[in-house]
Amino acid sequence: MSSLTHFDTSGQAHMVDVGHKEMTRRVATATGHISMQPATFALLQEGSAKKGDVIGVARLAAIQGTKQTASLIPLCHPLALTHVHVEFTQSDAHHQVHIQVTTETVGRTGVEMEALSGVMAGLLTVYDMLKAVDRGMHIDGIRLLAKSGGKSGTWTAPAKVEN
């Protein structure tokens, strides 16, 4: 593992200087899911949640979350995203909503944190919109699936069996 780049030689946290890096196309994909009670999942599927279109609002929140990453994570660079794709799927067997967020830019630093922030914002919005009927929902499995671009090239997460 390489040295940690967010610390200077005296151990103080700092924003990494990316001014010397090459501009490349950078893509990252992250995922996660939220589990809920069967009755809550039924409300979601029927579209009868009191606050409205849960997935539609969560999709917008995920996109907004990607764009706000530098405001949330202190040492992240503000990035001009060129594309954000948000995909939701549902697992009837496990009463789960899965999200996958892909972020893209042409720049000097990666978009992994933006993809992860989008996942969290989307899942937290699902929680917020359904919490009146199920405060016991839980968010799990948040992780980076893949990234490409830049000096470190392409990375893909090892396969993981999810429930």
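Higher on the page you've got the structure.
These figures come from a predicted structure and were not determined experimentally. (Residues numbered from 1 in each chain as written. Predicted model: local features only at pLDDT ≥ 70, side-chain atom pairs only at ≥ 80, totals over all residues. Heavy atoms only, no water.)

Asks: Before we go on, may I ask you to explain the sheet that holds strand 3 (residues 96-107) in this structure?
Replies: Neighbouring strands of a sheet are bound in pairs by backbone hydrogen bonds; such pairs are parallel or else antiparallel. Read across the open sheet, the 5 strands follow the order 2-3-1-4-5; overall the sheet is antiparallel. Two strands in the sheet have a free side with no partner beyond their single neighbour: strand 2 (83-91) and strand 5 (155-156). Judged from the 2 bridges that link them, strand 4 (residues 138-148) and strand 5 form a sheet pairing that is antiparallel. Paired with Ala 146 across the bridge in strand 5 is Thr 156. The strands that helix 1 (residues 38-46) touches are strand 2 and strand 3; relative to strand 2, the one it contacts most, it runs at about 125°. Against the sheet, helix 4 (residues 112-130) makes contact with strand 1 (24-35), strand 3 and strand 4, and its axis sits at roughly 25° relative to strand 1, the strand it touches most. (Pairing = 2+ DSSP bridges. Helix = DSSP H or I, 4+ residues; strand = E, 2+ residues; numbered from the N terminus. Contact = heavy atoms within 4.5 Å. Axes fitted to C-alpha atoms, helices over the stretch in contact; angles between N-to-C directions.)

Asks: Could you clarify how one ought to interpret helix 2 (residues 54-67) in this entry?
Replies: At 3.6 residues per turn, the α-helix brings residues three or four places apart onto the same side. End to end, helix 2 covers 20 Å across 14 residues, agreeing with the expected 20 Å (1.5 Å per residue, within 8%). The set of residues buried in helix 2 consists of Val 54, Ile 55, Ala 58, Ala 61, Ala 62, Gly 65 and Thr 66. Along the axis of helix 2, the buried positions cluster into a sector of 135°, meaning they face one direction only. Exposed residues lying more than 90 degrees from the buried face of helix 2 are Leu 60 and Lys 67. Elements that come into contact with the buried residues of helix 2 comprise helix 1, helix 3 (69-72), strand 2, strand 3 and helix 4. (Expected span 1.5 Å × (residues − 1). Buried < 20%, exposed > 50% of the residue type's maximum accessible area, 1.4 Å probe, protein only. Arc of directions from axis to C-beta.)

Asks: Looking at this structure, how should I read helix 4?
Replies: An ideal rise of 1.5 Å per residue puts 27 Å on 19 residues; helix 4 measures up with 28 Å between its terminal C-alpha atoms. Among the residues of helix 4, those classed as buried are Glu 114, Ala 115, Ser 117, Gly 118, Val 119, Ala 121, Gly 122, Leu 123, Thr 125, Val 126, Met 129 and Leu 130. Considering only its buried residues, helix 4 is in contact with strand 1, helix 1, helix 2, helix 3, strand 3 and strand 4.

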